[in-house]
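Architecture and fold: a report
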Amino acid sequence: MIDYLWVLIVLPLLGAAALIVFGKRIGDPWSGRLASALVGTAFLIAAGFTVPLVTGNGHPETVELFSWIPVLGVEVSLLWDPLAALMTLIVTGVGFLIHVYAVGYMHGDERFGRFFGYMNLFIASMLTLVLASNFVVMFVGWELVGLSSYLLISFWFVRPAASAAGKKAFIVNRIGDWGFLVALLLIFAAFGTFEFAAVFAEAPTGLTTGMATAITLLLFLGAVGKSAQIPLYVWLPDAMEGPTPVSALIHAATMVTAGIYMIARTAVLFGLAPATLTVVATVGAATALFAATLAMGQRDIKRVLAYSTISQLGYMVMAVGVTAFTAGMFHLMTHAFFKALLFLGAGAVIHAVAGEQDMSRMGGLRKVMPITFWTMVVAWLAIAGVAPLSGFWSKDEILAAAFAHGGYFVFLWAIGVVAALLTAFYMTRLMILTFGGEERWPDGVEASEAPPILTVPLVILAVLSATAGIFNTPFRLGLEHFLEPSFEGVTQQLPPAGATVVALAALALVVALVGIFWGWARYSRRLPVEEGGFWGAAVEGYRVDDWYGRLVVAPGKAMATWAAEILDGRIIDGVVNGVGGGVKSFGNSLSGTQSGLVRWYGAVMAAGTLGLLLWLLLSGGLF
Amino acid sequence: MNNAALLPIAPEVILLAGALIVILLLVLLDRPYREGGIVAMAALAAAAVASVLQWQALGDGADNLYFSAQGVPVPRLPMVVMDHYSAFAGVVIFVVSMLGLAVAWRLVLTLGARSAEFLTLVLLAVAGLHMMTASANMIMLFIGLETASIALYVLAGFTRERANADEAAVKYFLLGSLASVVFVYGAALLFAATGSTAFYGAGSMREFLAENIVAEPAILLLAMGLVIVGMSFKVTAAPFHQWAPDVYQGAPSGIVGLMAAGVKIAGFAALGRILFSALPSQIDDWAPALAIIAGASMIIGTVLAAVQDDVKRILAYSGVAHAGYILMAFVAGNEGIGSMWFYVTTYALTVIGVFAVVAVVSGSRSGSSPLAEWSGLSSRAPVLAWVMLIMLLALAGIPFTTGFVAKVTVFTAATDAGYLWLMILALVTTIVGLYVYFRLAAVMFLEGPAGVEEVVVPPTTALVLAVAAVTTVLLGLLPWPLLDLAREALPL
Amino acid sequence: MIVTPGWYMALAAVLFSIGGAGVLVRRNALVMFMSIELMLNSVNLTFVAAGTGLGLIEGQVAALFVIVVAAAEVTIGLAILVAVFRGRATANVDELSSLGG
C-alpha cells in the first residue's frame, strides 16, 4: 500500500495542471469543487496510511521512486514516518477545509479556476517538501512552495501592492534559500550523500562540532526566511495582500511552518550544535515578543493576524531551540487549527463589511454574525492560552520546556511569558474592535452572516481548536509517543515533572487571563485614541522596511549600478546623457578625451590579456 | 590506413555544396528564395546525418587521423581528426543551426534577392564552426575560426537599412579580428615552444610536451594565455565579452540565436580540443587561469545582466555568466568533458529558443528588444510567455529543467577537481541570477500589456519553440541518454 | 653579432605590441584595421622565424595560410567599412556608439 505514497503528491499536482490549463473552461464553482475533492481524497488516503503508525504496527518507511541524478546518488524517494504523517494530515486536512471555504470566498472572481490551480500546486509542493526523504527533494519542495506562495500573493496582480508584496516575499526568501543551498552543499561535502537516513546515522560520529554548527546555522537561515523570523520576517505582513484563504493556508497554517518542520526533521544535526540551538532559541523568543508588540498596534485585522503568526512561529522556533521538538510540532498543529480559523473568520468579516479591513470601521458584528463570532471566540481563547483549549496545552509545554532547560533559557522563558501576556491582550483587542461595541461600518454596508460554505469550515476548525489539546497533555503524552520513531537518537527537552509543571501552567493561565482583562478594560467601553508614540510606530512596523531600504537595498542597488558603470566604462557617457541636451555641445567638445566604445572595449580586452599573461607568468614562477 | 577519406570531411563538403547550389539557384530559377532555404536546410540535415554516420563508423573502428603529411607507419601532421568529440560536436552544431535557420526563415523570405547571400553565409559559417571542432592542427583550427567569423561579421550587419546593424558589424569585425590575431599569435608561439602545430601524431605538441622539458617555459605560458584569450573572446567570457551585448543588440534578431549558440558550441569545443588534446600535461598552468576567467565571467555577466533594460542585452550578459559556468567544467580536465558537452548542448537549445521568442516579440529584422515590449506578454500571447518562462527557468537553473542538471554536473566537476571556491562563487551568482530571469518573467506575467496588436508566431518558429521547450523539460527530467552520450564524446 | 631567429621573434613581438597600441589609440577604423594587419604580419614573422630556427618547413606553410586568411579578412573588412562610410560619411569609430548601455 505504502508504495503508492506518491499518489498524495500526484493528486493535487494533476488538479493544478488541469486547472491552470483548463481552469477558465471548468469555471466557477466546479474548479473549486474539483480542487477541494482532490485535496480531501489526499487527506483520506493519508489518514489510511497513518492508521498503522498510530496502532503501533507500522514503522517508518522509505519509498523509492526513481533515481534522478545517479552521479550524485540522488534518488527521488519519499519518507513516511510519524513526523511526515502529522504534517501531511495538517496540510491536507486544514488545506481541504480552506479549499472548501475558498469555493465560497472566491466566488465570482474572474480567475477562479486559476486560483484553485495555484492552490493545488501549493498543496502538491508542500507535500513534496514534507514527504521528502532526502535534502534535494526537500529543497525542490521548498522552492516550489516559494513559487506557489509568490503566485498566490500576487494573485490580484493588478493591485500594485499585491504585485510588490509577491516580489518582496520572493526576494527575501532567496536570502534564506541561499543558506539552505549552501547547507546542502556542506552536507554533501561532509557525508557524500543527501539521504536523511544516511546523514543522520553518520552524523553523531562523523561530524565535527564546527561543521555541525556551520551546517545547522545555514539551515536555520533557511528556516528564518521561510518561517518569517527576525530579521527576515518583513515579507509576511505584506503577503496579506493575497486573498484571505491564501493567508490562512500558506501564511499561517502550513508553508510558514516549513522552517520548523525542517529543523525538527534535521533534529539530529541540530542536537550536535549547541551553539546553533542557543541562537535558534534566542531568535525565536525575540521574534515572539517583538512581533507581539507589533500586533498590538495594527488597525488592519489581517495585519494583526500576520504579526500574531510571526509571534507564534517564534514560539515554535524557541521550542525547537530548546530541543523540545515534540512541543514545537504540537504547537505547530494547534496553531494551524486556530490561526486558520482566525484568518477564515477574518475573511468572513471582511466579506461582510464589503472588503473593509480596518478594525476601527467594524464593530458590533457579534449580533449580525453569530456563527462567525462564536467560532472566533474559540480561536481567541485558544491562542490566548486559556485552559482547556488547545493553545493552552501547546504553548504551556513550550514555556515549561524552556524553563526546564535552565540557565540562560529561563530568561527566554520569561520573554515567552511576556509575549503570552501581549498575545492575550492584542487578541482581545481584535475581538472587541471587530465584534463588540457599536457599528462603525462604512456607509451603505448591510452586514450579514456568511453563507454555510464559509461557516461550516469555521465550525469544524473551532471544534479542532478547542479539543486538539488532548493529543498531548501532561496526563496523556499521545503525540510524544506517536512521534517517537521520528526522533530516535535525539535528546529531547521534556517539560518538568510534578509540582513545577502545575505551577507553570497556573502562572500561564493567570497571565492569559490578565492579558484578556487588560484588553477588556481598555477597549470594552470606548475606543481609546491610538495615535502617535508607540501606536504610530507599531502601525508602521517600527519602520523596519524603511531601514532595510536604507541600509541594505539602496546601497546594494547603488553598488550594482556603480559596478555596471565602471565595468562597462560608460561613466562619461552617463554624465553626458544625464546632463542633457543643452550641454551636449560641451560633451562633443570633450569627445577628444572621451574614449570611444570600440576602443574602450579593445582596451579592456588588452588589459585583460596582459593581466592574464602576467598572472600566468607569475604563477609559473617565471618572474 | 586510409589517409584521404571522404567521411571525415563529409559535413564540410556537404555544406559547401549546399552553399554553391543556393547561389546557382539564383541563376537558374526565378525568385528561388524559399527553395534556397530548403536547400540550406537540407544541407544542414545531411551534414547532421554525416556526423551520425561518423559516430557509427568510429564504433566500427574507423581511423581517427586523416590528411597527414606522412601516413605510414605513424601519421605525422594530420589535418583532420574524426573522433567521438568531433562527431558529437557536429550533430549538436548542425541541429542547432537548423533550428536557428528555422527561426530566421521569415527574415530569409523578406530579404528577397539577398537571401541567397544570407543562406550561403550561414552555411559557410556553420562549416567553419564544425571545422574548428574537427581540426587536428592549430592552423586548420584557425582557418575554421576565420571562415566562421568572417561570415558572421557580415551576418551581424546584414540588415543594412538599419543604422545600428553596421555599427554592430564594425564592432564585431574590429574586435573579432583583434581576438583572432591574438589567438593566432598564441598558435605561433606554441609552434615556437613545441616545434609543432599538430595536436596528434608523430612529433605533435602533446608528444613533445610529454617527452621533453620546454626550453622556454615563459613562451609556452604566454602562448597558452594568448590562445585562451582568443577563444574566450569567441565564447564571450569576461573580460573579453564586451562586444557581445552590442553585437547581439545590433544584429537582426532572427539570426542572433544562431550566432550566440553556434559560436559558443564551436568555441568551447575548440578550446577543449586544444587544452585536452594538445596541452593536457600543462593542466596545472591553464586550469587556474580558466578558473579566474570563469569566476570573472559569472560575476560580471550576472551583475550586468541585472541592470540591463533590453532583453537582448540581458541575454547577452546572461551568456557571459553561462560561459563562466561552462568554463568550470574545463578546470576538471578530462573528467569535465561530459559535463561541458551536456551544458553546452542544452544551453544552446535553450538559447535558440529564447532568441526565437525575442525574434517574435520584437520582429526578426529589428535590433533592440526593450523590456517595455515584453510587458504583459502573458495576456497577449500566453503560450509564448509560458514557453519563454520554461526557458528562463532553465537559464536560471531551476530543477526539472536542463539548466539545473547542467549546473549540477559542472558544479560537481569543479568541486571534484578541488575548485571549491569557484563552485561556491558559482552558487552565489546563480542565486543572484535568479533575480535576472525572475525580473523578465515578472515583466511578462505581472505587468499590463504593452499593446493590443496580436503577436504572430510563424509556424517555423513555433516548431523551434516546441523543440526547445520540450527538450528543455524532457532532458531536465531524464538527462541520462544525453549525459551518457556526452560522456562518450571524448577527444582522441 | 649573429642574428639568430630569436631576434626575429623579438622583433615580431615588438611589431605585435605596436599594432596592438595602434588599435587602441587610433580612432579611424581603417587605421585600426591596418594595425591589426600589422599584428597579423608579426605573427607571420614569428612563424617563419620559429620554423627556420627549428629547421621545420611548417612555419613557412603556416605563414602562407595566415596570409590567405588575412586577405579574406581584408576584403570583408573593407566592405563593412565602406558600407559604414556610405551611411555616415565618417570612419571614426568613436561616432559609432549608439549601441551600448
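We now examine the overall build of chain B. The helix and strand tally for chain B stands at 19 helices and two strands. Partitioning the contacts of chain B with sequence separation of at least 6, the portion at a separation of at least 24 is 80%.

Below, the discussion takes up the overall build of chain A. Within chain A, the secondary structure is distributed over 27 helices and four strands. Residues classed as buried in chain A amount to 56% of the 623 residues present. In chain A, of all internal contacts separated by at least 6 residues, the share reaching a separation of at least 24 is 82%.

Taken together, the contacts link 34 residues of chain B with 36 residues of chain C. Breaking the side of chain B that touches chain C down by element, the ones donating at least two residues are helix H5 (138-156), helix H6 (163-194) and helix H9 (243-250) of chain B. Classifying every residue of the side of chain B that touches chain C by side-chain character gives 20 nonpolar, seven polar and seven charged.

For the rest of this paragraph, the subject is the packing of helix H14 (residues 301-321) of chain A against helix H15 (residues 325-352) of chain A. When two helices pack together, their arrangement is given by the angle between the helix axes and by the axis-to-axis distance. Residues and elements named next belong to chain A. As a packed pair, H14 and H15 sit with axes 9 Å apart at the nearest point and diverge in direction by 175 degrees. By the angle between their directions, the pair H14 and H15 is classed as roughly antiparallel. For the pair formed by H14 and H15, the contact residues are Ile-301, Lys-302, Leu-305, Thr-309, Gln-312, Tyr-315, Met-316, Ala-319 and Val-320 on the first element and Phe-325, Ala-327, Gly-328, His-331, Leu-332, His-335, Lys-339, Leu-342, Phe-343, Ala-346 and Val-349 on the second. Per-class residue counts for the contact of H14 with H15 are 13 nonpolar, five polar and two charged.

A word on the interface of chain B and chain A. Each partner contributes to the interface: chain B provides 34 residues, whereas chain A provides 35 residues. Among the secondary structure elements, those contributing two or more residues to the side of chain B that touches chain A are H6, helix H8 (217-234), helix H11 (283-306), helix H16 (402-416) and helix H17 (420-446) of chain B. Here the residues of the side of chain B that touches chain A are counted per class, giving 28 nonpolar, four polar and two charged.

What follows concerns the confidence of the model for chain A. For chain A, per-residue confidence averages 84 on the pLDDT scale, and residues scoring 70 or more make up 91% of the total. Note that residues 569-596 of chain A has pLDDT below 50 and, in this model, 15 contacts with residues that lie over four places away or in other chains.

On to helix H6 (residues 160-191) of chain A. Taking 1.5 Å as the rise per residue, H6 of chain A with 32 residues should run 46 Å; its terminal C-alpha atoms sit 46 Å apart, in good agreement. Immediately downstream of H6 of chain A, the backbone of Gly-192 of chain A shows phi near 70 degrees, a positive value.

Further remarks concern the nonpolar core. Residues Ile-265, Ile-326, Met-328, Ile-352 and Ala-414 of chain B are the most contacted members of the largest nonpolar core, which totals 260 residues. Residues in contact with Ile-265 of chain B, not counting those within four places in the same chain, are Ala-89, Val-92, Ile-93, Val-96, Val-344 and Ala-348 of chain B. Of all hydrophobic cores here, the second largest spans 223 residues; its members include Leu-78, Ala-162, Met-376 and Trp-380 of chain A.

This part is about helix H8 (residues 209-226) of chain A. Residue and element names in this part refer to chain A. In this model, H8 (18 residues) spans 25 Å end to end at C-alpha, consistent with the 26 Å of a helix rising 1.5 Å per residue. Counting buried positions along H8 gives 13 out of 18 residues, so the element sits mostly inside the fold. Directly beyond the C-terminal end of H8, a positive phi value near 55 degrees is found at Ala-228.

Residue and element names in this part refer to chain B. Its place among the elements puts Ser-297 in helix H11. Spatially, the C-alpha atoms of Ser-297 and Pro-239 are 7.0 Å apart, while their sequence positions differ by 58 residues. Those residues within four positions of Ser-297 in sequence are excluded, and the remaining contacts are Ala-237, Ala-238, His-241, Val-320, Ala-321, Ala-323, Gly-324 and Leu-327.

Note: most peptide bonds trans; most residues except glycine with negative phi. The amide bond that connects Asp-28 of chain A to the next residue, Pro-29 of chain A, takes the cis arrangement and shows omega of 5 degrees. The peptide bond linking Ile-230 of chain A to Pro-231 of chain A adopts the cis configuration, its omega dihedral lying at 5 degrees. Position of Pro-231 of chain A among the secondary structure elements: in the loop between H8 and helix H9 (235-238). Positive phi outside glycine occurs at Arg-31 of chain B, with the angle close to 45 degrees. Located in the positive-phi region is Leu-77 of chain B, a residue other than glycine, with phi close to 55 degrees. As for its position among the elements, Leu-77 of chain B is in the loop between strand S1 (65-66) and strand S2 (80-81).

The next thing to look at is the confidence of the model for chain B. This prediction gives chain B a mean pLDDT of 89; 98% of its residues lie at or above 70. Our summary of model confidence lists the complex with pTM equal to 0.64 and ipTM equal to 0.94.

Moving on to the packing of helix H3 (residues 82-105) of chain A against helix H20 (residues 452-467) of chain A. Residues and elements named next belong to chain A. Across the interface, H3 lies against H20 with an axial gap of 7 Å and an inter-helix angle of 155 degrees. As far as their axial angle goes, H20 and H3 are roughly antiparallel. Crossing angle aside, the handedness with which H3 passes H20 is left-handed. Along its contact with H3, which presents Leu-97, Ile-98, Val-100, Tyr-101, Val-103, Gly-104 and Tyr-105, the element H20 presents Ile-453, Leu-454, Pro-457, Ile-460 and Leu-461. Here the contact of H3 with H20 is composed, by residue class, of 11 nonpolar, one polar and no charged.

Turning next to the environment of Ile-326 of chain B. Residues and elements named next belong to chain B. Structurally, Ile-326 is set in helix H12 (residues 311-330). Judged by the 28 C-beta atoms lying within 10 Å of it, Ile-326 is buried. As a C-alpha pair, Ile-326 and Phe-411 span 85 residues in sequence and 9.5 Å in three-dimensional space. Discounting residues that sit within four places of it in the chain, Ile-326 has contacts with Phe-268, Met-340, Tyr-343, Val-344 and Val-410.

What counts, and at which threshold
- Residue indices follow the written sequence of each chain, beginning from 1 at its first position.
- Key to labels: chains lettered from A, ligands numbered from 1, both in the order written.
- Per-residue local features of the predicted model are confined to residues with pLDDT of at least 70, and side-chain atom pairs are confined, for both listing and counting, to 80 or more; whole-chain, interface and lining totals are unaffected and use all residues.
- Think of it this way: any DSSP run of H or I at least four residues long counts as a helix, any run of E at least two long counts as a strand, and we number them from the N terminus.
- With C-beta atoms placed from the backbone, a contact is any residue pair whose C-beta atoms sit within 7 Å.
- Burial is judged by counting other C-beta atoms within 10 Å of a residue's own C-beta: 20 or more means buried, 12 or fewer means exposed, and anything between counts as partly exposed, with every C-beta placed from the backbone.
- Polar here means any residue other than Ala, Val, Leu, Ile, Met, Phe, Trp, Tyr, Cys and Pro, which are nonpolar, and Asp, Glu, Lys and Arg, which are charged; Gly is therefore polar.
- The convention used is that axes are lines fitted to C-alpha atoms, helices contributing only their stretch in contact, and that angles between N-to-C directions extend from 0 to 180 degrees.
- Small angles under 35 degrees read as roughly parallel and large ones over 145 as roughly antiparallel, with 65 to 115 read as roughly perpendicular and the rest as oblique.
- Per residue, pLDDT measures the predictor's confidence, with a range of 0 to 100.
- Multiplying 1.5 Å by the residue count of a helix minus one yields the expected span of that helix.
- To define a nonpolar core, we join buried Ala, Val, Leu, Ile, Met, Phe, Trp, Tyr and Cys residues through C-beta atoms within 7 Å and take the resulting set.
- Note: crossing handedness is left-handed where the near helix turns anticlockwise from the far helix by less than a right angle, and right-handed where it turns clockwise.

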